[in-house]
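Structural characterization, general
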Amino acid sequence: WSSDVCSSDLTASLYRKLKKKNIKKKETKMSLEKVKEYFKAYGIEDRIIELSESSATVELAAHALHTEPCRIAKTLSFMLGDSPILVVTAGNVKIDNAKYRHAFGAKAKMLTADQAAELIGHAVGGVCPFGLNDGVTVYLDESLNKYETVFPACGSSNSAIELTIPELEKCSGYEKWVDVTKAVS
């Protein structure tokens, strides 16, 4: 009897894991479709690059896109008070806590993967400043200004788009430019 229970529990556990994995795949696809739909308003949906390999991290994205890591527009999600915010930075920098506190008047509190998916509307690895849930404020970090074009994600862990900085400003609906990063040492 106990082996049946274990076996039943194992089957249920595996089923939940597989179901959760399948839901995440669907959510990622839906998120990419949401960004494509969002980009139609700008006439750039056909510029999305769907990759055959992962672009979930700066290093993977740079490799897949044959570019330097610094040109990957990394989108970081935080909770500021009761509201989620995004800070888009160059790929070769990290958040400077003192600068963040100075700019926002609060300590940097990153969202968990589950919170990002729920509050932002995109899963970690595909978080981008496009096609967001309501109530998300976008900030662009000064580290991006060194580059003519950058590659932000497009809602999935294997997509990106090359945008000029003025295009990024326009398409992200950003609130303002901030200086909240430092070089990775």
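Residues numbered from 1 in each chain as written. Predicted model: local features only at pLDDT ≥ 70, side-chain atom pairs only at ≥ 80, totals over all residues. Heavy atoms only, no water.

Details of the nonpolar core
Quick reminder of the rule: In this description, a nonpolar core means a group of buried Ala, Val, Leu, Ile, Met, Phe, Trp, Tyr and Cys residues linked to one another through side-chain atoms lying within 4.5 Å. Summary of the burial criterion: residues with accessible area below 20% of their type's maximum are buried, those above 50% are exposed, and those between are partly exposed, where the area comes from a 1.4 Å probe applied to protein chains only. The helix count covers DSSP runs of H or I at least four residues long, the strand count covers runs of E at least two residues long, and both are numbered beginning at the N terminus. Whether two residues are in contact is decided by their heavy atoms, any of which lying within 4.5 Å being enough.
Counting 31 residues, the largest nonpolar core has Phe39, Phe130 and Leu144 as its most contacted members. Secondary-structure elements contributing two or more residues to this core are helix 1 (2-40), strand 2 (72-80), strand 3 (83-90), helix 4 (113-120), strand 5 (137-141) and helix 5 (165-172). Setting aside its immediate chain neighbours within four residues, Leu144 contacts Ala73, Val88, Thr89, Ala90, Val150, Ile165, Leu168 and Trp177. Judged by nonpolar contacts, the second largest core, of 11 residues, contains Phe78, Phe104, Tyr139 and Val180.

Points about the sheet that holds strand 5
Defined as follows: One requirement defines pairing of two strands: DSSP has to find at least two bridges between them. Axis lines are fitted through C-alpha atoms, for helices just across the contact stretch, and the angle between N-to-C directions can take any value from 0 to 180 degrees.
Strand order in the open sheet formed by 6 strands is 8-6-2-3-5-9, and the pairing between neighbours is mixed. Where the open sheet ends on each side, the last strands, each with one partner, are strand 8 (163-164) and strand 9 (176-178). Of the strand pairs in this sheet, strand 5 and strand 9 are connected by 3 bridges, and their pairing is parallel. If you follow Tyr139 over to strand 9, its bridge partner there is Lys176. Contacts from helix 3 (residues 97-104) reach strand 2, strand 3, strand 5 and strand 9 within the one sheet, and its direction differs from that of strand 2 by about 60°.

Section: the packing of aromatic side chains
Where we set the bar: Each aromatic pair joins two rings of Phe, Tyr and Trp (for Trp, the six-membered one) with centres within 6.5 Å, and gets the label stacked for planes under 30 degrees apart, edge-to-face for over 60, and tilted for any other angle.
A complete count under the given rule lists 8 aromatic pairs for this structure. Measuring from ring centre to ring centre gives 6.0 Å for Tyr38 and Phe39, while their planes differ by 50°; the resulting arrangement is tilted. Classification of Tyr38 by relative accessible area gives partly exposed; the value is 27%. Relative accessible area serves as the criterion here: at 0%, Phe39 is assigned to the buried category. Aromatic rings pair up to connect Tyr38, Phe39, Tyr42 and Phe130 into one cluster.

A look at the pairing of strand 5
The buried fraction of strand 5 amounts to 4 of the 5 residues, a majority that puts the element mostly inside the structure. Sheet topology places strand 3 next to strand 5; 4 bridges connect them, and they run parallel. In the sheet register, Ile85 faces strand 5, and the bridge partner there is Thr137.

Re the side chain of His122
Here is the rule: Any pair of nitrogen or oxygen atoms within 3.5 Å is treated as a polar contact; in protein, a donor-acceptor pairing is required on top of that, and neighbouring residues in sequence qualify only through side-chain atoms on both sides.
With respect to the secondary-structure elements, His122 resides in the loop between helix 4 and strand 5. A polar contact is formed between the side chain of His122 and the backbone oxygen of Gly131, at a distance of 3.5 Å.

Section: helix 2 (residues 58-65)
The following threshold applies: Read the arc as the range of directions from the helix axis to the C-beta atoms.
Every buried residue belonging to helix 2 is among Val58, Ala61, Ala62, Ala64 and Leu65, and all of these are buried. Buried residues of helix 2 fall within an arc of 170° about the axis and therefore sit on the same side. Across helix 2 from its buried face, at more than 90 degrees, point the exposed residues Glu59 and His63. Of the surrounding elements, those touching the buried residues of helix 2 are strand 1 (49-50), strand 2, strand 6 (149-152) and strand 7 (159-160). Residue His66 follows helix 2 closely and has a positive phi angle near 55°.

Notes on the pairing of strand 3
Buried residues dominate strand 3, accounting for 7 of its 8 residues. As judged from the 8 bridges shared by strand 2 and strand 3, these two strands associate in the antiparallel manner. Each residue of the ladder has a partner; that of Ala73, found in strand 3, is Ala90. Where strand 2 folds back onto strand 3 in an antiparallel hairpin, the turn is made up of 2 residues, including Gly81, whose phi is positive at roughly 65°.

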